[in-house]
Amino acid sequence: MSLPSVPTRVWQDEAVRSALADWDFGQVSRMVRQLVPLRQEDVAALTGLSQSYLSMLECGDRRLTDVSRVVQFLTGLGTPPDLVRLPLPGISPLPDAAAPARTAASGQPAAQEFVTPTAPDPALPWTADRMLTALRLAHVADNTADWLPADANGPVSATAMSDEAGSESPRPASGIALNSMIQRWDAEQAEPLRRGTAGTRVSLELCGHLQGTLDELRVMDKGSGSGAVADLARAHLALVVRVLERSTYDEVTGRKLAAVAADTATQAGWFAFDAGRPDAARAYMLAGLRAAHAAADDRLGAGALSYLAIHGYSSGDPRDAVRAAEAGRRRIARLDAPHLAATLLTRQARGHAAAGEGEAARRALGEASELCARGRGEDDPHWLYWMNEGEIHGQSGSAHLALGNTARAVESFGHAIQADRAGERRTHGLFLSRAAQAHARAGDLDAACATGEEAVAIAETVQSARLREHLRDLSADLRRGGSTTRRSGVGARVLTERISALAS
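Re the overall build of the chain
1) Next: Helix and strand content of the chain: 21 helices and zero strands.
2) Next: Among the 504 residues that make up the chain, the fraction classed as buried is 56%.
3) Next: The contacts of the chain with a sequence gap of at least 6 include a subset with a gap of at least 24, amounting to 70%.
4) Next: For the chain, the exposed surface amounts to about 20,500 Å²; the carbon and sulfur share of it is 50%.

Overview of the environment of Val-140
1) Next: In this structure, Val-140 sits in helix α6 (residues 128-141).
2) Next: Its relative accessible area of 7% is what places Val-140 among the buried residues.
3) Next: Linking Val-140 and Arg-63, residues 77 residues apart in sequence, is a C-alpha distance of 10.0 Å.

Some remarks on helix α18 (residues 425-441)
1) Next: Relative to the 24 Å expected for 17 residues at 1.5 Å per residue, α18 spans 24 Å between its end C-alpha atoms, a close match to the ideal helical length.
2) Next: Across the 17 residues that make up α18, a large majority, 14, are buried.
3) Next: In the stretch just after α18, Gly-443 is the one whose phi turns positive, near 90°.

Quick notes on unusual backbone geometry
1) Next: Of note, the bond from Val-36 into Pro-37 is cis; its omega dihedral lies within 30 degrees of zero at -5°.
2) Next: By secondary structure assignment, the location of Pro-37 is in the loop between α2 (25-35) and α3 (40-47).
3) Next: The phi dihedral of Ala-296 falls on the positive side, at around 55°, and the residue is not glycine.
4) Next: Here Ala-296 shows up in the loop between α11 (278-295) and α12 (298-314).
5) Next: Residue classification places Ala-296 among the exposed positions, given a relative accessible area of 54%.

Description of the packing of α12 against helix α13 (residues 318-331)
1) Next: Where α12 contacts α13, the two axes come as close as 7 Å, and the packing angle between them is 165°. By the criterion of interaxial angle, the relationship of α12 to α13 is roughly antiparallel. Once α12 is placed against α13, the crossing between them reads as left-handed. Contact with α12, carried on its side by Asp-298, Ala-302, Leu-305, Ala-309, Gly-312 and Tyr-313, involves Pro-318, Ala-321, Ala-324, Ala-325, Ala-327, Gly-328 and Arg-331 of α13 and no other residues of that element.
2) Next: Of the residues belonging to the contact of α12 with α13, the class tally is nine nonpolar, two polar and two charged.

A few points about the nonpolar core
1) Next: Core analysis: the largest hydrophobic core is formed by 83 residues, its most contacted members being Met-131, Leu-135, Leu-244, Leu-257, Leu-305 and Leu-340.
2) Next: Residues within four places of Leu-244 in sequence aside, it is in contact with Met-131, Leu-132, Arg-195, Tyr-249, Leu-257, Ala-258 and Ala-261.
3) Next: Trp-11, Ala-19, Phe-73 and Val-140 belong to the second-largest nonpolar core, a separate cluster that totals 29 residues.

About the thresholds
Residues numbered from 1 in each chain as written. Predicted model: local features only at pLDDT ≥ 70, side-chain atom pairs only at ≥ 80, totals over all residues. Heavy atoms only, no water. Helix = DSSP H or I, 4+ residues; strand = E, 2+ residues; numbered from the N terminus. Buried < 20%, exposed > 50% of the residue type's maximum accessible area, 1.4 Å probe, protein only. Contact = heavy atoms within 4.5 Å. Areas by Shrake-Rupley, 256 points an atom, 1.4 Å probe, with all protein chains shown as cover. Expected span 1.5 Å × (residues − 1). Axes fitted to C-alpha atoms, helices over the stretch in contact; angles between N-to-C directions. Parallel < 35°, antiparallel > 145°, perpendicular 65-115°, else oblique. Left-handed = near helix turned anticlockwise from the far one by under 90°. Nonpolar A, V, L, I, M, F, W, Y, C, P; charged D, E, K, R; others polar. Core = buried A, V, L, I, M, F, W, Y, C linked by side-chain atoms within 4.5 Å.

By themselves these figures say nothing about function.
So, in structure tokens, the structure goes:
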């Protein structure tokens with residue numbers, strides 16, 4: 001018995017095209033079945049996905065995110081290549097997601113090329129269309145089980161996932177050399193960024209509103225943690241990308257849109273990192289670097305590199321942290337941006353400290369302190385709100401803690417905790433948790449418990465996986481440290497129990 005096929009007329013349906021552009025493959029499956037018509041068993045036979053998985057996909061209980069499976073699904077249905085941003089077997093699709101007549105973001109006819117289904121490869125052209133591809137793939141990389149809709153009984157459990165769902169978490173390519181990305185960012189010229197399509201013309205006012213929404217999410221994050229805003233940032237990035245792809249704009253507006261995309265992708269990366277999704281964070285940040293290049297905005301590029309530096313020293317790659325921070329500093333050297341330079345230096349210092357390079361870490365911190373004392377410069381970006389004396393002390397404390405200088409760490413964290421954080425509750429909690437660790441490692445369990453209790457109180461009201469991870473590190477330090485008095489032993493036990501309860 002021959003397999004059914006999907007007629008050409010189905011792919012002319014605007015609703016099907018829209019679902020494809022949004023990567024809503026559950027909607028694609030349902031609409032294709034209705035228009036042909038087909039049974040779920042027929043689609044399963046065409047695509048190789050099980051009928052039960054397709055049922056969950058169409059209901060929204062699963063999401064198809066692994067790119068190899070996306071290709072398998074679309075190929076099985078016979079999806080025309082000009083509607084897809086991925087390489088289907090035997091054909092070279094256009095990089096744009098709409099009809100063949102669409103033009104690239106540069107205003108020139110879109111070149112035919114394959115789209116890499118992983119994190120952005122630095123060797124691929126640094127064009128406007130590659131920027132859009134990188135942004136879309138970062139969005140896919142963050143489309144993990146954490147984003148699955150909750151059913152009536154709460155979130156879908158891991159044990160309820162089918163075999164197909166088990167591999168639905170694409171990871172950025174681990175072999176990407178950050179140094180190569182930096183070199184291409186430095187060397188490539190930004191191409192013209194304008195588009196003439198049938199879409200509505202974008203105004204600079206709309207760009208301002210899009211930026212304003214992101215700035216509000218940034219304010220929400222510093223007070224409530226990433227868990228409160230990560231999904232909103234992800235949706236906002238999808239909107240910005242859609243505007244870039246489907247609208248008409250001139251060069252000035254195109255650069256502004258790319259700048260909003262760069263800022264949004266980088267911030268989404270930060271939210272993902274704080275929420276405990278480092279692979280998705282890296283994909284967002286690398287896409288943010290590409291978007292900053294398209295926007296010809298060195299400050300946004302340096303910002304993306306500063307977050308990549310955090311990712312580096314936190315993920316066991318301290319040399320990447322140093323390289324990223326140094327590259328950002330070189331690029332903004334001609335600007336009057338002492339606070340941005342100080343931010344990069346603190347992250348470079350953390351990389352040196354994680355690598356055991358104490359002298360280099362202290363030099364970087366000293367220079368950062370001097371730059372911070374100068375105050376904001378004319379070119380310091382509006383989104384850099386956290387650089388102040390308290391931030392310098394907090395980063396110094398973390399560097400000293402990594403180097404084993406517990407006395408210096410306790411002193412620095414003490415100054416950081418006393419500084420006015422202007423509503424930055426999560427950062428205050430992080431500094432408290434690290435200060436408690438410093439006390440514990442110095443053998444002062446009473447001070448560790450008192451400070452740790454304050455950090456836990458914040459963690460109970462702030463949605464930050466990173467803060468909870470720091471508290472788990474504190475709990476391990478308390479258990480290793482033992483107790484010299486009955487009181488400190490009881491306090492340590494109570495605190496570790498409260499920390500354990502955070503994960504439940």
